[in-house]
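Fold and geometry: a report
Given next are the chains, with one letter for each unit.
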Amino acid sequence: MTRSLILVGAGAGSVNREQFLQALATSAAGLEREGIATLIRNFESLPTRASFKEKDPRGFAEFLRQAGEHDAQACAHLAREVMAKRKTIFELEAALKALRVPALIMVGDRDAPCVEPSLVMRGWMPHAGLSSSRPAATRRISKSRGSSTSTSPEFLAAVEGGRWAGWKRDAVVKE
């Protein structure tokens, strides 16, 4: 049903779980108490949003404007009932190891909650590559069998051409 996967900033909350859950609870309570402004203040000061803010101030301002249009109660519900209850990558280990489609895992080097989970998933998923937002001079996608590429379009082209990291289109078993 799926030809390939691109995972971006995945796995937050898989490590430092208690800290993650506490931050979600604090955020939800702030949303209920102070409204959407608390979410905007949070986004403005999060280390994981710093490079977006630095590299594209206009885009970041638009992101904040759009986030400000969200309903505070819905965001609080999302934090408590969706984000806090989703499974960690460790709970999904068997399923991740069983994936037989090519996958590109992308993570920002400042996206601390996602760096370790991305590395772990890269190790578990048989046809996965990992791309980070390190400076262009050192950026590579690490994938099985030692090949390297640098962008998601190149990944998609490799998948389409049936030449991604030892994966063969015909080897996928159709159920």
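To be clear, the structure that these remarks concern was listed above.
Summary of the structure given here.

**Overview of the overall build of the protein**
Counting its regular elements, the protein contains eight helices and four strands. Of the contacts made within the protein by residues no fewer than 6 positions apart, 64% connect residues no fewer than 24 positions apart. Surface exposure of the protein reaches about 10700 Å², of which carbon and sulfur atoms provide 55%.

**Some words on helix α5 (residues 72-83)**
Among the residues of α5, those classed as buried are Ala-72, Cys-75, Ala-76 and Ala-79. Mapping the buried residues of α5 onto a view down its axis gives an arc of 105°, with all of them on the same face. As for α5, its buried residues are in contact with α1 (17-34) and α2 (37-45).

**Some points on the pattern of salt bridges**
Counting across every chain of the model gives nine salt bridges. Arg-41 is paired through a salt bridge with Glu-34; the nearest N and O atoms lie 2.2 Å apart. The exposure class assigned to Arg-41 is partly exposed, which follows from its relative accessible area of 41%.

**Points about the packing of α1 against α5**
In the contact formed by α1 and α5, the axes pass within 8 Å of each other and the chain directions differ by 160°. With respect to their mutual orientation, α1 and α5 come out roughly antiparallel. The way α1 lies across α5 gives a crossing that is left-handed. Here α1 contributes Phe-20, Leu-24, Ala-25, Ala-28, Ala-29, Leu-31 and Glu-32 to the contact with α5, which in turn contributes Ala-72, Gln-73, Cys-75, Ala-76, Ala-79, Arg-80 and Met-83. Among the residues forming the contact of α1 with α5, the class breakdown is eleven nonpolar, one polar and two charged.

**Digging into the environment of Asp-109**
Relative to the elements of secondary structure, Asp-109 occurs in the loop between β2 (103-107) and α7 (112-124). For the pair Asp-109 and Ser-133, spaced 24 residues apart in sequence, the C-alpha separation works out to 5.6 Å.

**Here's the deal with the packing of aromatic side chains**
Inspection of every chain in the model, using the stated rule, returns six aromatic pairs. Ring geometry for Phe-60 versus Phe-63: centroids 6.0 Å apart, planes at 35°, classification tilted. You can see Phe-60 and its partner Phe-63 sitting in helix α4 (residues 57-67), three residues apart, about one turn around the helix. For Phe-63, a relative accessible area of 22% puts it in the partly exposed group.

Conventions used here
Residues numbered from 1 in each chain as written. Predicted model: local features only at pLDDT ≥ 70, side-chain atom pairs only at ≥ 80, totals over all residues. Heavy atoms only, no water. Helix = DSSP H or I, 4+ residues; strand = E, 2+ residues; numbered from the N terminus. Contact = heavy atoms within 4.5 Å. Areas by Shrake-Rupley, 256 points an atom, 1.4 Å probe, with all protein chains shown as cover. Buried < 20%, exposed > 50% of the residue type's maximum accessible area, 1.4 Å probe, protein only. Arc of directions from axis to C-beta. Salt bridge = Lys/Arg side-chain N within 4 Å of Asp/Glu carboxyl O. Axes fitted to C-alpha atoms, helices over the stretch in contact; angles between N-to-C directions. Parallel < 35°, antiparallel > 145°, perpendicular 65-115°, else oblique. Left-handed = near helix turned anticlockwise from the far one by under 90°. Nonpolar A, V, L, I, M, F, W, Y, C, P; charged D, E, K, R; others polar. Phe/Tyr/Trp six-rings, centres within 6.5 Å; stacked < 30°, edge-to-face > 60°.

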